[in-house]
Amino acid sequence: MNNRSRCMLAILLAITCNVFVNGEDPYLFHEWKVTYGTVSPLGVPQKVILINGQFPGPRINGTSNNNVVVNVFNQLDEPLLFTWSGIQQRKNSWQEGTLGTNCPIPPGSNFTYRFQVKDQIGSYYYYPTTSLHRAAGGYGGISVLSRALIPVPFDTPEADHMVLVGDWYTKSHTELKSLLDSGRALGRPQGVIINGKSGKGDGKDEPMFTMTPGKTYRFRFCNVGMKDSINVRIQGHTLKLVEIEGSHTVQNVYESLDVHLGQCFSVLVTADQEPKDYFLVASTRFTKEPHVATATLRYANGKGPASPELPKAPEGWAWSLNQFRSFRWNLTASAARPNPQGSYHYGQINITRTIKLVTSAGKVDGKLRYAVNGVSHVDPTTPIKLAEYYKVADKVFKYDLIKDEYEPSTGKEGQDKITLAPNVVNATYRNFVEIIFENPGKSVQSWHLAGHSFFAVAIEPGKWTPEKRRNYNLLDAVSRNTIQIYPKSWAAVMTTLDNAGLWNLRSNALERSYLGHQLYFSVLSPNYSLKDEYNMPDNDLMCGIIKDMPKPTPYKAN
């Protein structure tokens, strides 16, 4: 039996396998059976989404440039899609897995995702984008290591742990969806979970992680929650930050870290304390009554329970803002390529376009909606990407309903007019753009841009004006894919839209994104060439008005 035959057998057995095919980069094959199951994340039995019987789902471990193949069997009773948050899908928004790019997988059928983690390293995660499935689980971690010949700015850790933290509701995803569809808000989550568990914190929990004295471990924290920022810390230990969403950072040491919705941080923790148990603590931030979860870290051969006195979280968002300002790109370290990260001088590039996005909330026909520059996004029945490819966009949506500069008529959330429509911004391929987020509301927001990373150059209180550019970090801002915006504040990011395709800019808060806090950047290559973008996959699912249309002429290499 040859390597490829072995690997195909491995697919049938739901085993991950590496193989080289025709001289390409290695392939990682996964088969996922997505089902419902009963689990008690907060001590209350409830229906959750399992992948191969697991909650959270299986971790995808890979190396830069690996090809990932995931065959998803949807055994739920609803259509399903997965997105791979932070994986850039170079030239391949066909695999992005949102309702703007893909038709969902019908119940009882399967779909195979195929993508490459091209020129990326770092910590990411996947989750379902359909309905409110994310509130039922279905998420898991993604870790991408550097290739063997690329230097990493720290020694190989003894072990590499994924820590998926987030708030959690005890209501089912269908109950939560009914709330939003009826015009109401979700309200506060009921607790916090760490890798699907909350921990009793009474010294009787089985250890989630074991450490050998004197060894150093990598912990990849991702906030996979739905509403709240989370602070993470470990009793008696410090956290040395080494990576944020694919970028190596200056290795500052912290007592705790604020991880906002959708964000992923890697830290190194050394087992240099008395050999016994310690608590890893995750708690909500900016809430009147914080929810707290614990997981037990046990020293091998250690004796003694963890102290019941938990380290306290910081208070207020000024502390969080100062921590953001302390994050720095490691200019001398390599990332996915051998050249130093700092060899890309983003601060010397002329801005081609400035897009200011002002978020708002209000009622439309008596129901709660969230908007960006006055437009609350609605997914059309024909995915936007397919409408563009089949050249029927004019029958599905209108470009540029929002303007680059927007000033609310009242400046108060809930009082400005909101339009319901697909929100699609026509962007120019390879433009270097500045995106300003303004949050006039009272709660912290977090946003993610698909298909790209951006330089998070500033966050400040108040409103943005062009004069604020003098405060930008134009030297060593971290290149990442998420940004938080504090209440009554703004944030600025800069990026080159050099990835042809359709890319979602969305709130990481489930309620907000479901009710309109998102838009799409249409980044079309003027050449319609395979050099810039891949063709629609042969296995792509069809729906909406293009379902029975003949396939367009495929792109050709120029």
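Residues numbered from 1 in each chain as written. Predicted model: local features only at pLDDT ≥ 70, side-chain atom pairs only at ≥ 80, totals over all residues. Heavy atoms only, no water.

Caption draft 1: Representation of the overall build of the protein in the model. When its secondary structure is counted, the protein shows five helices and 34 strands. Taken against the 2.2 N^0.38 rule, which gives 24 Å for 558 residues, the C-alpha radius of gyration of the protein at 23 Å falls within 12% of a compact globule. Expressed as lengths along the three principal axes of its C-alpha atoms, the size of the protein is roughly 70 × 65 × 50 Å. The burial tally for the protein puts 59% of its 558 residues in the buried class. Put simply, 77% of the contacts in the protein that link residues at least 6 apart link residues at least 24 apart. When the accessible surface of the protein is totalled, it reaches about 22,600 Å², and 51% of it is carbon and sulfur. Averaging the positions of the 59 positive and the 49 negative side-chain charges in the protein gives two centres separated by 2 Å. (Helix = DSSP H or I, 4+ residues; strand = E, 2+ residues; numbered from the N terminus. Rg over C-alpha atoms; globule rule 2.2 N^0.38 Å. Buried < 20%, exposed > 50% of the residue type's maximum accessible area, 1.4 Å probe, protein only. Contact = heavy atoms within 4.5 Å. Areas by Shrake-Rupley, 256 points an atom, 1.4 Å probe, with all protein chains shown as cover. Lys, Arg positive; Asp, Glu negative; His and termini not counted. Charge placed at Lys NZ, Arg CZ, Asp CG, Glu CD.)

Caption draft 2: Geometry of the pattern of salt bridges. Per the stated rule, a full pass over the model turns up 17 salt bridges. The closest approach of N and O atoms between Arg337 and Asp119, which form a salt bridge, is 2.6 Å. One end of the pair, Arg337, is in the loop between α3 (317-326) and β22 (353-364); the other, Asp119, is in the loop between β7 (110-116) and β8 (122-128), with 218 residues separating them in the sequence. Note that Asp277 and Arg298 form a salt bridge whose closest N and O atoms lie 2.9 Å from each other. One end of the pair, Asp277, is in strand β20 (residues 277-284); the other, Arg298, is in strand β21 (residues 292-299), and 21 residues separate them in sequence. The exposure class of Arg298 is partly exposed, given its relative accessible area of 29%. Residues joined by salt bridges that share partners form a network here, namely Arg59, Asp160 and Arg220. (Salt bridge = Lys/Arg side-chain N within 4 Å of Asp/Glu carboxyl O.)

Caption draft 3: Representation of the sheet that holds strand β12 (residues 209-211) within the structure. Read from one edge of the open sheet, five strands run β12-β21-β20-β14-β18, paired in mixed fashion. Both edges of this open sheet fall to β12 and β18 (256-259), since each of them pairs with a single strand only. Direction aside, neighbouring strands of the sheet carry axes that sit 25 degrees apart on average. As defined by bridge partners, β12 adjoins β21 across three bridges and the pair is classed as parallel. Among the inter-strand pairings, Thr210 is bridged to a residue of β21, identified as Arg298. (Pairing = 2+ DSSP bridges. Axes fitted to C-alpha atoms, helices over the stretch in contact; angles between N-to-C directions.)

Caption draft 4: Spatial organisation of α3. Listing the buried residues of α3 in full gives Ser320, Leu321, Gln323 and Phe324. Summarising the axial view, the buried residues of α3 lie within an arc of 160 degrees, below the 170-degree limit, and thus occupy one face. Turning to α3, the residues buried within the fold contact β17 (253-254), β18, β29 (454-461), β30 (479-480) and β31 (482-485). (Arc of directions from axis to C-beta.)

Caption draft 5: The arrangement of the state of the cysteines in detail. Throughout the structure, instances matching the rule amount to two disulfides. Through a disulfide, Cys103 is tied to Cys543; the S-S separation comes to 2.1 Å. Between Cys103 and Cys543, the S-S dihedral sits near -85 degrees, and the bridge is therefore left-handed. Highlighted residues: Cys103 in the loop between β6 (82-85) and β7 and Cys543 in the segment after β34 (518-524), separated in sequence by 440 residues. (Disulfide = S-S within 2.5 Å.)

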